[in-house]
Amino acid sequence: MISRNNKRDETLIEMSSSAGEETGDIGVISGIPADSPGEDNGPYYDPSNGTRDPGTPSNSEVLSTTTETASLLSGPSKMMQRKRLLFVNRRFRIDKQIHSKDSVFFCDGIRRIDFILSFVDDPKDGDKKMERRKEFEENLLKTGLELETEHKDDSDDGKTYFVKVHAPWDVLAMYAEVMHIKVPIKENDIPQARENPFDRLLKPFRLDPAIINPEPDYFTAPFSKQRQELYLINNPETFFSPSTRNRIVYYILSRCKYTHEDGKRKLGIKRLLNNGTYTAAYPLHDCRYWKKSHDSKSDNERYTLYKRWARFGQFYKEQPLNLIRKYYGEKIGIYFAWLGFYTEMLGIAGAVGFLCFLYGCITKDGNVWSDEICDAEIGGRIIMCPLCERCDFWRLNTTCQSTKNSHLFDNAATLFFAVFMGIWVTLFLELWKRRQAKLEYEWDLVDFEEEQQQLQIRPEYEAKCSHHKKNPVTQELEPYIPISNQAFRCVLSGATVLFWIFLILICIIAVIVYRLSMYASFAKITVNMKDVKYIGTLFTPQMVTSVTASILNFIIIMTLNYFYERVAIWITDLEIPKTHFEYENRLTMKMFLFQFVNYYSSCFYVAFFKGKFMGYPGKYNLMFGSWRSEECDPGGCLIELTTQLTIIMAGKQIWGNIQESLVPWIKNWWVSRNARHHPERLYSRWEQDHDLQDMGQFGLFYEYLEMVIQFGFVTLFVASFPLAPVLALLNNIIEIRVDAWKFITQFRRPMAAKAHSIGIWQQILNTVAIFSVVTNAFIVAFTSDMIPRLVYKYAYSVNDALPMKGYINNSLSIASTSFLNNSELLRADILSCRYKDYRYPSGHSSEYRHTMQFWHILAAKMAFIIIMEHVVFLVKFSIAALIPDVPSDVKARIKREKYLTQKILHEYELNKLREMLAGKGNVVVNKEVSAQAEKVELLSEEL
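Residues numbered from 1 in each chain as written. Predicted model: local features only at pLDDT ≥ 70, side-chain atom pairs only at ≥ 80, totals over all residues. Heavy atoms only, no water.

1. Here we look at the overall build of the chain
Of the regular secondary structure elements, the chain holds 31 helices and 21 strands. Sorting the 943 residues of the chain into buried and exposed places 52% on the buried side. Counted over contacts in the chain with a minimum sequence separation of 6, partners at least 24 positions apart contribute 77%. Of the roughly 44400 Å² that the chain leaves accessible, carbon and sulfur atoms contribute 58%. (Helix = DSSP H or I, 4+ residues; strand = E, 2+ residues; numbered from the N terminus. Buried < 20%, exposed > 50% of the residue type's maximum accessible area, 1.4 Å probe, protein only. Contact = heavy atoms within 4.5 Å. Areas by Shrake-Rupley, 256 points an atom, 1.4 Å probe, with all protein chains shown as cover.)

Put into structure tokens, the structure is as follows:
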């Protein structure tokens, strides 16, 4: 046992047991400096020189090897080196009880753990997997990474090995340059914007500035190994943040070769995870979320995020976006920034929607047409035609309550709210662009090399390509898939998507058949129960059918979603997209197209098809030759659309929160039920994170998809349900904290990734926003009764004092009961019945043809749609044109920062040239260097 210090050149070695000595196994080699960055093998690694016998780690031992050590042990003096290490072992040993296993450092307490790989000895194909791991880890060592392996006997389950990965400075510097990572060169001296006077009012919602902005702002430039003295490198060990370090390491892991089979290179940690060679690969959290780490070098950012962000008691506080970005990377940071901004804007829409709902509540009992329906002398005397083949006649006043309920959403405020939401959605998208531009500047993403990042070829694409062709730009050979092969894969993919969309439509038809059959059954059961108030009045056949059908439709939606998610990933993998950007876009479009049809098709049916193609008594349109086409509830289709939206939207949100929070919590509880009570020195940091759930590469994708589907509910059908923004607002307040809690406590730390926008979701939101104007205009025109009431009021009313008096009688046509085929329903006291339409009565010369009022109403509906769309679109595009995507102050600051950064870089080059000039004695050389210096000065002046 020895005391450890911070010297990088100290060597602490613990050798393996005698069995390890015989087989050449190495136990622990810690603290060996890695001066060489390793061989650069381009986008993947295929080392062909030198091998090493890694052996199998022995009990309670650690395998730690660097590039330098691997080269020593692979040479002719291998036995001499082993004896030397054995001699050192007798003098020095590492006591694991001193080193806290809750730490994020190697056993030497110096080298940070940047990544963890875990594997289990598998009797099935064990030798093959061991060979893959052996070659993969050897190739990692040759890139300059350092490894340290924890034996399975030291793990809680007694069967899992953990390989700790550390990237030394040379490796980080090399790949920071390859990946164009920007680093600080000077602290930002641009004056901050003036404080907004209204910020004082928002002070209760603000967080501590030290949490909101954990780091000062810097001017940055892409890292270059040749100009290291230019950057603000106070400590090489902490210069690159942990999220940047794990991004670099994952870049190496995803491109490192592990075997060569069937003439193809096998590479990347993802394939090794898929084939079971490794069980997990993840970066570490820096501490436990509920308490700070005992290690003084730990940042404890996870603890801070849990206390100030992930707890529901902080729901009214702003999010610490800069700390989220620092800990998780820009891609996750931009998601929470968008979700927070979307929730803030929902507050405005929810307030207006709630006021519209209050207007409906206030005027519920004061409208003339509802009073006429409820009046026993008017609605009580109107006998309505049967609603199905086996249904009986019914009186109009039985729909009194549903008609009044329908007025809550079908009133004058509906038109106002539909127009308002068309403007709101434009403001939301345009203001988000400005917010996004500000984040790009603050997070140093303005010059983010997005194209280069997006156009990086996926390792899976490289592995499956057997053809190569020359890139006309780079003049280098690149893998490609022949067009015929691509066409076949795309056709198969498209056919699969169409099959699943048709499957959704078939399910919708099945639900419609369920509605028709169940309505007839309920009507037959309740026909003799009208004296029972509870059943006959509240549980009407229409209400029971509508509610049960909506619940059934929701179950079908969630079931189809479960299966299609897996199908969408499979067919996207089948297409073999070339780049990560292309892969994500293709999967996004498939998933959104499917879920758009899956979630909204039933709502479109109720809004635009149900009750619109009924026919008339004696000539009803029949479905499959057996069932009459479905009619709307007597209160109108709008109330049924509202019911459908409420059940699907609320059900989806409740189910989503349960699935996102409760399921991971139960899984984590089950996995760690024994280990969670262990002391820190036994329950290591890597084991704690290993027991957490893996977010996966699609974790953030599903979060976006959930919110975009919700955005569709809020905008596409909001004219029928003004409370939709209120439900979405309440859900999102919970959603932000649930997502934060889930990320912090239930998920492993994901790989950090850069992103300067929400990507293709921006285009999807724009499309939904434009489409929402059309759908809401059609809902107001064809689903609600607003246009027929307005036409009657201004064109057909004969009562100037009460212009809506007589509307109900005017909107109902008359039919003779002779059309009934069921003799059991024919009654001598009922010779005619009423139905909702504008047709001439039986016995008229134009019997059952549409009246002129019908055509006037249809013309008014079409005119309303055209006018509303043009007005909303005009306002929408005017707002979009008037609001610049990038604020003027941000533009100025970007230009200023770019100018100062370039000036700093040129001054640096100029100083280097002057140093060369001072160190040269040759006059000719001095003149050449002076000329170069003058060019640099002129260039900097031009900037």
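2. Here's the deal with the pattern of salt bridges
Taken as a whole, this structure holds 26 salt bridges when the rule is applied. Of the charged contacts, one joins Asp689 and Arg685 as a salt bridge, the two residues approaching to 2.8 Å between their closest N and O atoms. Here the residue Asp689 and the residue Arg685 both occupy positions in helix 23 (residues 685-690), the gap between them amounting to four residues, near one helical turn. Exposure remark for Arg685: the relative accessible area of 0% places this residue in the buried category. Ionic pairing is found between Arg839 and Asp837, a salt bridge with its closest N-O pair at 2.9 Å. One network of salt bridges, in which partners are shared, links Glu575, Glu582, Arg586 and Lys590. (Salt bridge = Lys/Arg side-chain N within 4 Å of Asp/Glu carboxyl O.)

3. Thoughts on the state of the cysteines
Applying the stated rule across the entire model yields two disulfides. Across a sulfur-sulfur distance of 1.8 Å, Cys374 and Cys400 are joined as a disulfide pair. For the disulfide bridge between Cys374 and Cys400, the dihedral angle about the S-S bond is near 95°, and by the sign convention the bridge is right-handed. With a gap of 26 residues between them, Cys374 in helix 13 (residues 368-374) and Cys400 in helix 14 (residues 400-407) connect regions that are remote in the sequence. (Disulfide = S-S within 2.5 Å.)

4. Here's the deal with unusual backbone geometry
Residues other than glycine seldom take positive phi values, yet Asn300 does so here, at roughly 60°. Following the sequence through the fold, Asn300 ends up in the loop between strand 11 (280-282) and helix 10 (301-310). Of the residues examined, Asn300 reaches a relative accessible area of 11% and is grouped as buried.

5. A word on the environment of Leu492
For Leu492, the location among the structural elements is in helix 18 (residues 483-526). Under the relative-accessibility criterion, Leu492 is labelled partly exposed at 34%. Residues Leu492 and Glu575, 83 residues apart in the sequence, show an inter-C-alpha distance of 8.9 Å.

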